Amino acid sequence: MSEQVRIVEVGARDGLQNQPVAVSTADKVRLIEMLVDAGITHIEAGAFVSPKWIPMMADSAQVLAQLNLKPGVTYSVLTPNVKGMEAALASPANEVAVFVAASESFSQRNTNCSIDVAFERAAPVLNMAREAGIRVRGYISCVLGCPYEGDDIDPGMVADMTARLLDMGCFEVSLGDTIGRGTPAKAKRLIETVSLQADTSKLAAHFHNTYGQAIANLYAVLEAGVRVIDSSVAGLGGCPYAQGATGNVATEDVLYLLDGLGMNTGIDMEKMLDAAAFIQEVTGAPVASNTASALLKKRLVS
Ligand code: HMG
Ligand code: MG
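Think of each chain on its own: its residues are numbered from 1, step by step along the sequence as written. Working convention: letters from A go to chains and numbers from 1 go to ligands, in the order in which they are written. Reporting of local features is limited, given that this is a predicted model, to residues whose pLDDT is at least 70; pairs of side-chain atoms are given and counted only at 80 or more, and all residues count toward the totals for whole chains, interfaces and linings. Side-chain measures here rest on the full set of heavy atoms in the structure, leaving out hydrogens and waters.

Draft legend 1. Structural view of the packing of helix H8 (residues 184-194) against helix H9 (residues 214-223). At a minimum axis distance of 8 Å, the contact between H8 and H9 shows a crossing angle of 35°. In this structure, H8 crosses over H9, and the sense of that crossing is right-handed. Contacts between H8 and H9 pair Pro 184, Ala 187, Lys 188 and Ile 191 from the former with Ala 216, Asn 217, Ala 220 and Val 221 from the latter. In the contact of H8 with H9, the residues fall into six nonpolar, one polar and one charged. Geometry is summarised by axes, namely lines fitted to C-alpha atoms with helices restricted to the contacting stretch, and by angles between N-to-C directions that run from 0 to 180 degrees. In DSSP terms, a helix is any run of H or I states spanning at least four residues, a strand is any run of E spanning at least two, and both are numbered starting from the N terminus. By definition, turning the near helix anticlockwise from the far helix through less than a right angle yields a left-handed crossing, and turning it clockwise yields a right-handed one. When checking whether two residues touch, look at their non-hydrogen atoms; a contact exists if any pair is within 4.5 Å. Polar here means any residue other than Ala, Val, Leu, Ile, Met, Phe, Trp, Tyr, Cys and Pro, which are nonpolar, and Asp, Glu, Lys and Arg, which are charged; Gly is therefore polar.

Draft legend 2. Structural view of the side chain of Thr 291. Structurally, Thr 291 is set in helix H12 (residues 290-301). Residue class for Thr 291 comes out buried when judged on its relative accessible area of 11%. Here a polar contact is taken to be a pair of N or O atoms separated by no more than 3.5 Å, where protein atoms must pair a possible hydrogen donor with a possible acceptor and residues adjacent in sequence count only if both atoms sit in side chains. Within the structure, the side chain of Thr 291 is placed 2.7 Å from the side chain of Asp 253, a separation counted as a polar contact. In contact with Thr 291, other than residues within four places in its own chain, are Glu 252, Asp 253, Tyr 256 and Met 269. Burial classes: relative accessible area under 20% of the type maximum marks a residue as buried, over 50% as exposed, and values in between as partly exposed (1.4 Å probe, protein chains only).

Draft legend 3. Up close: the site of ligand 1. In these notes, residues near a molecule or strand are those with any non-hydrogen atom within 4 Å of it. Lining the immediate surroundings of ligand 1 are 26 residues, of which Ser 50, Asn 81, Asn 110, Ser 141 and Thr 178 lie closest. Between Lys 83 and ligand 1, the recorded distance is 3.2 Å, taken from a side-chain N or O atom to an oxygen atom. Definitions used for this entry: grid spacing 1 Å over protein atoms alone; cavity, a set of points where a 1.4 Å probe fits but cannot get out; pocket, an open set with protein on both sides within 12 Å along at least 5 of 7 lines; lining residue, one with an atom within 4 Å of a point. Any molecule with more than half of its atoms within 2 Å of a cavity's or pocket's grid points is regarded as sitting in that cavity or pocket. The pocket occupied by ligand 1, as judged from atoms lying within 2 Å of grid points, is the largest pocket. Those elements that provide at least two residues to the shell around ligand 1 are helix H1 (11-15), helix H4 (82-89), helix H5 (104-111) and strand S5 (135-141).

Draft legend 4. Geometry of the environment of Val 158. Here Val 158 shows up in helix H7 (residues 155-168). A residue is classified by how much of its surface remains accessible, and Val 158, at 0% relative accessible area, is buried. A C-alpha to C-alpha distance of 29 Å links Val 158 and Asn 264, two positions 106 residues apart in sequence. Apart from the residues within four sequence positions on either side, Val 158 is in contact with Ala 102, Ile 140, Val 143, Ile 153, Leu 175, Leu 190 and Val 194.

Shown next as structure tokens:
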């Protein structure tokens, strides 16, 4: 499996959206710039969603405006509807993302609408992006379990939704195990099923680590051909609509896994550790990455 893997760093959005501690705009900007300096080329920099629902992302426009943008780097934002897309177009974001869920209950909690309405809201966003020449990523939540509907999410339904997002114009679909309930066998079966309707090169794995399975699940989907992985510095994160769900798989743990497999990302582990230490200091939350914890401890003793 010696190939290139693209990491999409989601810590500054998925990671921070659920932090109980306020993080200043300046610290968000610093975090994103540190991550880009570490070699991250694809980064979620914010979300143009309702500030009443997700207060932590209320300053996304300011964050984007204050960033020292690096050429060649993709700075992406969540845009659930036309209002969000208008804000994105007024910002320097050069990629946007629409999101739907493979569970009606989660769709209602997360976006205040049914799955079908979430698709309807995404359609004009895709049209606006097409006109502006901006790429759109699609997300599907709850692909391996839902906090309200349980573990039996039909992989065939996820496959249909993936095909629908790609048909609408998304260049890639990120499959979200929002509550980290997946196991390697289930994750592999999901990719095999979705790949019957979509090219595997258009799929990304977005796994949360609530049950400690994310690295094992990633190994399974790497074997199934997935080469795009969403991860979060220091394992930051959670989901405001999934009580108890912890962060995304930590970027540092993913880098360690990939390095051991001889796979390449172009990301500098030492600089990732600097970013992890920085955000730990800002939030006061312990680093939720075994690799980062081990390497940061090693730094202290050397
Ligand atoms: P709604 O209430 O159905 O929409 O929200 P509405 O059109 O009726 O508007 C209601 C109010 O929201 C109005 O304000 C609008 O202006 C405002 P008011 O008149 O009451 O003052 N509004 C907005 N404000 C800013 N930006 C916007 C926007 N749209 C409406 N874009 C909406 C629908 C989707 C906006 C809302 O439900 C929402 O923001 N939900 C939060 C969704 C969210 O950010 N969830 C977390 C991210 S998704 C995730 O974490 C999963 C993922 O990581 C993958 C995985 O792990 O599975 C991606
Ligand atoms: Mg997520």
